[in-house]
Amino acid sequence: MVKESAGGTVLIACKMLQHELNKAIAESGCPYPIIWIDSEYHTDPNGLRAKLQEEIDRLEEVKTILLAYGCCGNGTVGLKATTGDLIIPRTEDCISMLMSRQGQAYLRPKATFFMTKGWLEGTHSMAREIEHAVKRYGPERAKKIFEQMFRHYKHLMLIDTKSYSIEECLPEVELLAQSLNLELTFAEGDVWFLRKLLSGSFAQDFSITPRGETVSQQDFACCSQDLPRQPY
């Protein structure tokens, strides 16, 4: 059971952000203990909420709980700050947290599916989902399933967050783009939002839920409804 850290702060984070968070932690010298949550919970917002609440309830002697999550399909809406104040980035999902300030312009197109090394490595990565579908339904039916799933997408965008070698990702991403019949594009990423989360400088970019209160949908009201949601 995680107890009080330096400053009484604990970080709960999705493993999908592990490369970027490790970079932000190294740059900021952050001393906070981290509870990593498997990326599989992205497929079920209710399951994500239940898992996060379980981890929050288990904490002892903490003052502040940082969540490296966005709204995530309402997966963080309804969380109760039972053991400390909850600090959550006011973003639709983690895409916004990984783009550079200049790269924020790429968030507008709805026809883009975003990718990082963390998404490639996830328990329910798209490559693994395709492989599973082929084994279960056969190549032809699996192809039709994913054509329908991605019918509104035109681009597969790899975000270079400078947290890993983008060249190492290229073979798998190129194959994925080909399998999904999407054009492979690139965007500049950064960990500035994560550094801000770790810094303790919480302004309008973050939702603050005091201990004893509950995260509401209104806490994410400023999030643009035009931001893309990944079809996890």
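Above this note sits the structure.
Given the structure is predicted, the values throughout are model-derived calculations rather than measurements.

Participant: Just checking my understanding: could you explain the overall build of the protein for this structure?
Facilitator: Scanning the protein for helices and strands turns up eight helices and eight strands. Residues counted as buried form 49% of the 232 residues belonging to the protein. Across the protein, contacts joining residues at least 24 apart in sequence account for 73% of those joining residues at least 6 apart. If you sum the accessible surface of the protein, you get close to 11,200 Å²; carbon and sulfur atoms cover 47% of it.

Participant: It is not clear to me how the packing of aromatic side chains should be interpreted in this structure. Could you clarify?
Facilitator: Summed over all chains, the structure comprises six aromatic pairs. Geometrically, the ring pair formed by Phe 113 and Tyr 153 is edge-to-face, given 6.0 Å between the ring centres and 80 degrees between the ring planes. Taken together, the residues span a long stretch of sequence, with Phe 113 in strand β5 (residues 112–115) and Tyr 153 in the loop between α6 (139–149) and β6 (155–160) at a distance of 40 residues. One exposure class covers both Phe 113 and Tyr 153, and it is buried. One aromatic cluster is present, built from ring pairs that chain together Trp 192, Phe 193, Phe 202 and Phe 206.

Participant: Help me understand the pattern of salt bridges in this model?
Facilitator: Side-chain pairs of opposite charge can arise where the charged atoms are in close proximity. Going through the model one piece at a time under the given rule, you end up with 10 salt bridges. Notably, a salt bridge pairs Glu 121 with Lys 117, separated by 4.0 Å at the nearest N-O pair. On the criterion of helical spacing, the pair formed by Glu 121 and Lys 117 is a turn pair, its members being four residues apart in helix α4 (residues 117–121). By relative accessible area, which is 43% here, Glu 121 ends up partly exposed.

Participant: Could you clarify how one ought to interpret the pairing of β5 in this entry?
Facilitator: In the case of a regular strand, side chains alternate between the two sheet surfaces. Alternating residues of β5 divide into Thr 112 and Phe 114 and Phe 113 and Met 115, and every residue in both groups is buried. With four bridges connecting them, β5 and β6 associate as parallel partners. Opposite Phe 113, over in β6, you have Leu 156 as the bridge partner.

Participant: Would you take a moment to explain the side chain of Glu 20 for this structure?
Facilitator: Mapped onto the fold, Glu 20 is located in helix α1 (residues 18–28). Buried and unpaired, Glu 20 has no salt bridge, with Lys 117 as the nearest side chain of opposite charge at 9.4 Å. For Glu 20, the contacting residues outside a window of four places in its chain are Leu 98, Thr 116, Thr 161, Ser 163, Tyr 164, Val 191 and Leu 194.

Participant: Before we go on, may I ask you to explain the sheet that holds strand β7 (residues 183–188) in this structure?
Facilitator: Strand pairs in the sheet, formed through backbone hydrogen bonds, run parallel or antiparallel to each other. Sheet architecture is open: three strands sit in the order β5-β6-β7, paired in parallel fashion. Looking at the sheet topology across the chains shown, the edges are occupied by β5 and β7. Averaged over all pairs of adjacent strands, the angle between their axes in this sheet comes to 30 degrees, without regard to strand direction. Where β6 and β7 come together, six bridges link them in parallel fashion. Bridged to Met 157 within β7 is Thr 185. Lying on the sheet, helix α7 (residues 166–180) is in contact with β5, β6 and β7; it crosses β6 at an angle near 170 degrees.

Participant: Would you mind showing me how to read the sheet that holds strand β8 (residues 206–209) here?
Facilitator: In spatial order, the strands read β2-β1-β3-β4-β8; together these five strands make up an open sheet with mixed pairing. Because the sheet does not close on itself, it has two edges, and the strands there are β2 (34–37) and β8. Neighbouring strand axes in the sheet, compared pairwise and without regard to direction, differ in orientation by 20 degrees on average. Helix-sheet contacts for helix α2 (residues 45–58) involve β1 (9–14), β2, β3 (64–68) and β4 (85–89), and the interaxial angle to β2 is about 160 degrees. In the packing of helix α8 (residues 192–199) onto the sheet, contacts are made with β1, β3, β4 and β8, and the angle to β3 comes to roughly 170 degrees.

Analysis parameters
- Residues numbered from 1 in each chain as written.
- Predicted model: local features only at pLDDT ≥ 70, side-chain atom pairs only at ≥ 80, totals over all residues.
- Heavy atoms only, no water.
- Helix = DSSP H or I, 4+ residues; strand = E, 2+ residues; numbered from the N terminus.
- Buried < 20%, exposed > 50% of the residue type's maximum accessible area, 1.4 Å probe, protein only.
- Contact = heavy atoms within 4.5 Å.
- Areas by Shrake-Rupley, 256 points an atom, 1.4 Å probe, with all protein chains shown as cover.
- Phe/Tyr/Trp six-rings, centres within 6.5 Å; stacked < 30°, edge-to-face > 60°.
- Salt bridge = Lys/Arg side-chain N within 4 Å of Asp/Glu carboxyl O.
- Pairing = 2+ DSSP bridges.
- Lys, Arg positive; Asp, Glu negative; His and termini not counted.
- Axes fitted to C-alpha atoms, helices over the stretch in contact; angles between N-to-C directions.

These figures capture arrangement, not role.
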